[in-house]
Structure formats: structure tokens, C-alpha cells
Amino acid sequence: LAGLFGLLYLVPGLSIAWLLLHWGGRARRDYQAHQDARLEQVSELVASMRAVRAMAWEDVFLRRIREAREGELEANQAYTVSLGFAMANMHTMVWFMALASLFLYVEKHSGVEPRHLWVVFQIMASLQSCLQLVASSLRKAINLPSSAARVEAFLRQPERPAAVLRTPALRMGAPAVQIC
């Protein structure tokens, strides 16, 4: 019965944690989208640097990159705040469950042995560690699809043509690489 009293807080506590982690996951996906947009803009800028300078589009590209970066930072802050709230909720949930269970045990049996305290707090510390591992792995799980897409895009790029770069003659003072 004492454990059941402590578990009564588990359902709303886990519901709140799930909502906070869901909000954090959405914020992390937004972060990835803004980061991809910023990287795309920077790549486009670098690839067409001469045309951008000739047409005086530096300010346009700078504005687009800055907007993407600001969106990236806002999404990262929302992720961090939601994760902080979720971790605080999980921390209090674990210890509230332990204290509520012990309180009811003391009320029912008019005292508690030290070994019971030790066992309950060890179980709660294990639960807290597991919840922290789940929360810390959230970022990696959300980053995985975007990272895999970047690797796939890189691997789809054509190989460098053999005629573009060639090894120069082995003579003193020759450059390390010659461009044809």
C-alpha cells in the first residue's frame, strides 16, 4: 500500500515529463531545420562567391544566414528549457515517490527501519539514473535522421575528376598539387 501511494504521483509526473520531452523533441527538430537552412545558405554563398560579389548580394545572404541562425538559437533555447523542466520534474518525481511511500509506511507501521530507507532510496536513485539517460539520449535520437541525411548527401556527390588535379613532377621546388 505504501508503494501504491508513491506510485500515485508517477502517472501525472510521467505525463508531464512526456509532454516536456515531446516539446523538447519538436524544438530540437526545429533547430535541425534552421541549421540545415543556414548551412545551405552558407554553401550557396561560398559556391557562388564571385556572382554574389558582382551583383552586390552580400547583404541579402548575410540577412538570410542571420535569420536562420537566430531561429537556430531560439529553437536550441526552447530545447534546453524544456529539457531542464523535464529533468527537474523527473528529479522531484523520483524523490516525491520515495518520500510519499516512506511517509505512508511510517504512518501504517509507526516507524521505519534504516534498511528499508536504504533499499527505497537505492531503487529511486536507479530510477532517476534511468530517466536521466533517457532524457540525455533524446538529442542524439533526434539528430540521427538529419545526420544520416547529410552523410547520404555527401556520399551521393560525384567523385573528383581525375584530370582536375594531378601530382606534379618530382623536382625540387615543385608545388605539391597542380591544377590543370
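Conventions used here
- Residues numbered from 1 in each chain as written.
- Predicted model: local features only at pLDDT ≥ 70, side-chain atom pairs only at ≥ 80, totals over all residues.
- Heavy atoms only, no water.
- Helix = DSSP H or I, 4+ residues; strand = E, 2+ residues; numbered from the N terminus.
- Buried < 20%, exposed > 50% of the residue type's maximum accessible area, 1.4 Å probe, protein only.
- Contact = heavy atoms within 4.5 Å.
- Areas by Shrake-Rupley, 256 points an atom, 1.4 Å probe, with all protein chains shown as cover.
- Core = buried A, V, L, I, M, F, W, Y, C linked by side-chain atoms within 4.5 Å.
- pLDDT = per-residue confidence, 0-100.
- Salt bridge = Lys/Arg side-chain N within 4 Å of Asp/Glu carboxyl O.
- Phe/Tyr/Trp six-rings, centres within 6.5 Å; stacked < 30°, edge-to-face > 60°.
- Lys NZ or Arg CZ within 6 Å of the ring centre and 35° of its normal.
- Lys, Arg positive; Asp, Glu negative; His and termini not counted.
- Polar contact = N/O pair within 3.5 Å; in protein donor to acceptor, adjacent residues only side chain to side chain.

Chemist: Describe the overall build of the protein, with residues and values.
Modeler: Within the protein, the regular secondary structure consists of five helices and two strands. Across the 180 residues of the protein, 25% fall into the buried class. For the protein, contacts bridging at least 24 residues in sequence account for 73% of all contacts bridging at least 6. Accessible area for the protein stands at about 12900 Å²; split by element, carbon and sulfur atoms hold 65% of it.

Chemist: Account for the nonpolar core, with residues named and values stated.
Modeler: In terms of nonpolar packing, the biggest core is built from 17 residues, with L21 and M90 touching the most fellow members. Elements represented by at least two residues in this core include exactly α2 (10-47), α4 (58-109) and α5 (114-156). Among the elements that make up this core, the one with the highest residue count is α4 (eight residues). If near-sequence neighbours (up to four positions away) are discounted, L21 is found in contact with L83, A86, M90, A135 and L138.

Chemist: Could you give an account of the confidence of the model for the protein, naming the residues involved and the relevant values?
Modeler: The share of residues in the protein with pLDDT of 70 or more is 83%, and the mean pLDDT across the chain is 79. At the low end of the mean pLDDT range in the protein sits strand β1 (residues 165-166), at 54; at the high end sits α2, at 86.

Chemist: I'd love a proper account of the pattern of salt bridges, names of residues and values included.
Modeler: Tallied over the entire structure, the rule returns five salt bridges. The salt bridge partner of D36 is R150, with a shortest N-O separation of 2.3 Å. Pair noted here: D36 is in helix α2 and R150 is in helix α5, with a separation of 114 residues, a long-range link. Exposure remark for D36: the relative accessible area of 31% places this residue in the partly exposed category. With a relative accessible area of 31%, R150 lands in the partly exposed category. One salt bridge connects R69 with E72, and the closest N-O pair in it is separated by 3.2 Å.

Chemist: Hey, could you go over the environment of Y31 for me, with residue numbers and the actual values?
Modeler: Examined against the element boundaries, Y31 turns out to sit in helix α2. Classification of Y31 as buried rests on a relative accessible area of 12%. Taking the C-alpha atoms as reference points, Y31 and E74, separated by 43 residues in sequence, lie 8.0 Å from one another. The residues touching Y31, leaving out its near neighbours within four places in the chain, are E72, A75 and N76.

Chemist: Run through unusual backbone geometry, naming residues and quoting values.
Modeler: Of note in the backbone geometry, A56 takes a positive phi value of approximately 60° without being a glycine. For A56, the position within the fold is in the loop between α3 (49-54) and α4. Given the relative accessible area of 54%, A56 is considered exposed.

Chemist: An account of the side chain of Q41 is requested, with residue identities and associated values reported.
Modeler: Within the fold, Q41 resides in helix α2. Residues contacting Q41, with those up to four places away along its chain left out, are F61, R64 and I65.

Chemist: Please give an account of the packing of aromatic side chains that cites residues and values.
Modeler: Scanning all chains against the criterion turns up zero aromatic pairs. Between the NZ or CZ atom of R64 and the centre of the ring of F61, over which it lies, the distance is 5.8 Å.

Chemist: A description of the side chain of R28 should follow, citing residues and the corresponding values.
Modeler: Along the chain, the position of R28 falls in helix α2. No salt bridge is formed by the buried R28; its nearest oppositely charged neighbour, E72, is found at 8.1 Å. Within the local environment of R28, its side chain forms a polar contact with the side chain of N76, the two groups lying 3.0 Å apart. When sequence neighbours within four positions are dropped, the list of residues in contact with R28 reads N76, Y79, R139, I142 and N143.

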